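The primary structure of each chain is shown beneath.
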Amino acid sequence: MVSDHQLNAEAALLGGAMVDIKGYLEARATLCVADFTDPLHRQIWEAIGELVEKGKSTLATDVLSHLQSKGEVNEERFLQVASHIPIGTSGLTDKLKTSGTRRQIEKAIHEVAGWFAEGDVENDELIAKAQETFLSLGASSHENRNGLELISGPVEEAINDIERIQKEGETTGLKSGISSLDKSIGGFKPGALYILAARPAMGKTALALNIASAVSLRDHVAFFSLEMPKKQIGQRLLSSYSGVSVERIDQATVQTDEIPSLFSAAESIKENRLWVDDSAASSVSYIKGQLRLLQSKQIEIGMVVIDYLQLMGGSKKGARRSREQEVSEISRSLKELAKDFDCPVICLSQLNRGVESRPNKRPLLSDLRESGSIEQDADMVLFVYRDEYYHEESEDKGIAEVIIAKNRSGRTGTTKLAFSGETVRFYAVDFHAEDYPRNGW
């Protein structure tokens, strides 16, 4: 039950907001529509905001007319709200925010209890979902959703990006550390989902780690390795930075004269803002929970890398859903994760074995394993292909192709990179925008 005191406080704030636009703007910085309990109060709050965005009057008569133009409204009750004597918004804002947050906490408790009662959620997944639910409350307690915004704002932001890029010659997204790849894709953009797919042994994990390492020089990167242990990731980075063979590092057979390079590489790697998690069968809920934990420590993630999609767990146990349905849910959740944390998410993916049966073994979008929704949800799909893996006499020895098979906001094509299998590292070579058809070969 909602107390009369709560309802009166809401009405008093709304009454004041309709005659004091400055007070409303101050309150909007803290409150959102969910902080109001009465449906009519929510309508009024939203109506005032819509009028403000349009630069129109927010007097009670104008708010009433605006509500009436959208549908039925209880005029008598509206006038009761409007008749409240303005008493300022600052104290009321704090009270409403406190009670609104408590209601969200109560809702979260009931939500978690509901998952527990269902009994079809694994314990680890239940813990991850509960963690994500409560940590998200803390992350959003002082933040509002962006809501509707006039398009002039985003357009101006786009123009500013163009001017900056023209002046500084930089890409709009995060740099991969490989100049030709950055040129071909424009960098990795916040809120976008990138699928990096290949058959085994093509080097997709090495490329993802190269990118993560480069980005972590400036931004925090979360690398979730569902297959490779942390120690092996450390060995690969040491090899990449030092030039010492990863095989010799793994077997501890490095030469005496290579040891200084390894120590120097280790010191350099310590400067990276790279966070690694090697928990097996991690779910999207678990990953969100880990990112929320970093946010609670005032650490904002610039990029998320997941290796790889087919090893991820779904949100529920049991055999009622096919694996294809489960993967579809995971891919949608990954896109939501990218938008929620406003950072690029790179998710690695396996390809079907059908690639091996074709004369031309370069991957197609139809080769994405287990779900067509992966292609649908991704903003960009990148394939890694090394011709020498299939043809010993290939003219492209030491060369890897990064095939841009889907690009929601740009062209497709192929970028050729130099690849060192000994140090599992990719390097830039000249950029080639080849005539790769948008719908496959």
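Residues numbered from 1 in each chain as written. Predicted model: local features only at pLDDT ≥ 70, side-chain atom pairs only at ≥ 80, totals over all residues. Heavy atoms only, no water.

If you tally the helices and strands in the protein, you get 17 helices and 9 strands. Burial statistics for the protein: of 441 residues in total, 48% are counted as buried. Of the contacts formed within the protein by residues at least 6 apart in sequence, a portion of 67% connects residues at least 24 apart. With the model as given, the accessible surface of the protein reaches about 22,900 Å², and the carbon-plus-sulfur share is 50%. (Helix = DSSP H or I, 4+ residues; strand = E, 2+ residues; numbered from the N terminus. Buried < 20%, exposed > 50% of the residue type's maximum accessible area, 1.4 Å probe, protein only. Contact = heavy atoms within 4.5 Å. Areas by Shrake-Rupley, 256 points an atom, 1.4 Å probe, with all protein chains shown as cover.)

Relative to the elements of secondary structure, Ile330 occurs in helix α15 (residues 323–340). Judged by its relative accessible area of 2%, Ile330 falls in the buried class. The sequence separation of Ile330 and Gly313 amounts to 17 residues, and the corresponding C-alpha distance is 8.1 Å.

What follows concerns the side chain of Ser213. Assignment of secondary structure puts Ser213 in helix α10 (residues 204–215). Side chain to side chain, Ser213 and Asn272 meet in a polar contact 3.2 Å long. Not counting residues within four places of it along the chain, the set of residues in contact with Ser213 comprises Leu237, Tyr241 and Asn272. (Polar contact = N/O pair within 3.5 Å; in protein donor to acceptor, adjacent residues only side chain to side chain.)

Our next topic: helix α4 (residues 60–70). Because an α-helix completes one turn every 3.6 residues, residues spaced three or four positions apart along the sequence face the same direction. Along α4, the positions that sit buried rather than exposed are Val63, Leu64, His66 and Leu67. Take α4 and look down its axis: the buried residues cluster within an arc of 160°, on one side only. Every exposed residue of α4 that faces more than 90 degrees away from the buried side is listed here: Thr61 and Ser69. (Arc of directions from axis to C-beta.)

The 9 strands are arranged β3-β2-β4-β5-β1-β6-β7-β8-β9 in an open sheet whose pairing can be described as mixed. Each having just a single partner strand, β3 (274–277) and β9 (425–428) make up the two edges of the open sheet. The average undirected angle you get between the axes of adjacent strands in this sheet is 25°. Where strand β6 (residues 380–385) and strand β7 (residues 399–407) come together, 6 bridges link them in antiparallel fashion. The partner of Val381 across the bridge, within β7, is Lys406. (Pairing = 2+ DSSP bridges. Axes fitted to C-alpha atoms, helices over the stretch in contact; angles between N-to-C directions.)

Time to look at the packing of aromatic side chains. As enumerated under the stated definition, the model contains 5 aromatic pairs in all. Between Phe419 and Phe426 the ring centres are 4.6 Å apart and the planes differ by 40°, which places this aromatic pair in the tilted class. The exposure class of Phe426 is buried, given its relative accessible area of 3%. Through a chain of ring-to-ring contacts, three or more aromatic side chains come together here, namely Tyr385, Tyr389 and Tyr390. In this structure, Lys204 packs its charged tip against the face of Tyr308, placed 5.9 Å from the ring centre. (Phe/Tyr/Trp six-rings, centres within 6.5 Å; stacked < 30°, edge-to-face > 60°. Lys NZ or Arg CZ within 6 Å of the ring centre and 35° of its normal.)

Another aspect to go through is the packing of α4 against helix α5 (residues 75–82). Close contact between α4 and α5 brings their axes to 11 Å; oriented N to C, the two are set at 150°. The orientation of α4 with respect to α5, classified from their angle, is roughly antiparallel. Remark: the crossing between α4 and α5 carries right-handed chirality. Contacts from Ala60, Val63, Leu64, Leu67 and Gln68 of α4 reach α5 at Glu75, Phe78 and Ala82. When grouped by side-chain class, the residues that make up the contact of α4 with α5 number 6 nonpolar, 1 polar and 1 charged. (Parallel < 35°, antiparallel > 145°, perpendicular 65-115°, else oblique. Left-handed = near helix turned anticlockwise from the far one by under 90°. Nonpolar A, V, L, I, M, F, W, Y, C, P; charged D, E, K, R; others polar.)

So, about the confidence of the model for the protein. Model confidence for the protein is summarised by a mean pLDDT of 78, while 75% of its residues fall at 70 or above. Taken as a whole, residues 140–146 scores under 50 in pLDDT and shows 6 contacts with residues more than four places along the chain or in a different chain. Confidence drops under a pLDDT of 50 for residues 431–441, and excluding neighbours within four residues, the segment shows 34 contacts in the predicted structure. (pLDDT = per-residue confidence, 0-100.)

Time to look at the pattern of salt bridges. For the structure on display, the rule yields 11 salt bridges. Linking Arg77 and Asp38 is a salt bridge whose minimum nitrogen-to-oxygen distance equals 2.8 Å. Within this pair, whereas Arg77 is found in helix α5, its partner Asp38 is found in the loop between α2 (21–28) and α3 (39–53), the two being separated by 39 residues in sequence. For Asp38, a relative accessible area of 11% puts it in the buried group. Here Arg248 and Glu258 are joined by a salt bridge, their closest N and O atoms 2.2 Å apart. Taken as a pair, Arg248 in helix α12 (residues 246–251) and Glu258 in the loop between α12 and α13 (259–269) lie far apart in primary sequence, 10 residues in all. The exposure class assigned to Arg248 is partly exposed, which follows from its relative accessible area of 23%. Judged by relative accessible area, Glu258 falls into the buried class, the value being 14%. A cluster of three or more residues bridged by salt bridges with shared partners is formed by Lys335, Asp379 and Arg408. (Salt bridge = Lys/Arg side-chain N within 4 Å of Asp/Glu carboxyl O.)

What follows deals with the side chain of Ser349. Relative to the helices and strands, Ser349 is located in strand β5 (residues 345–350). Ser349 sits in the buried class, given a relative accessible area of 0%. Ignoring sequence-local partners within four residues, the contact set of Ser349 consists of Ile195, Leu196, Ala197, Ala198, Lys204, Tyr308, Gln310, Leu368 and Ile374.

Next up on the list: unusual backbone geometry. When glycine is set aside, most residues are seen to have a negative phi, and most peptide bonds are trans. Here the bond from Asp307 into Tyr308 is cis, since omega is 5°, no more than 30 degrees from zero. Examined against the element boundaries, Tyr308 turns out to sit in the loop between β4 (301–307) and α15. Residues other than glycine seldom take positive phi values, yet Asp342 does so here, at roughly 50°. Despite not being glycine, Val424 has its phi angle at roughly 40°, a positive value. Residue placement: Val424 occurs in the loop between β8 (413–420) and β9.

Further remarks concern the pairing of β6. Strand residues, when the strand is regular, have side chains that alternate between the two faces of the sheet. Burial within β6 is extensive, with 6 of its 6 residues counted as buried. Looking at chain direction, strand β1 (residues 193–198) and β6 are connected through 4 bridges and run parallel. Its bridge partner being in β6, Ile195 is matched across the sheet by Val381.

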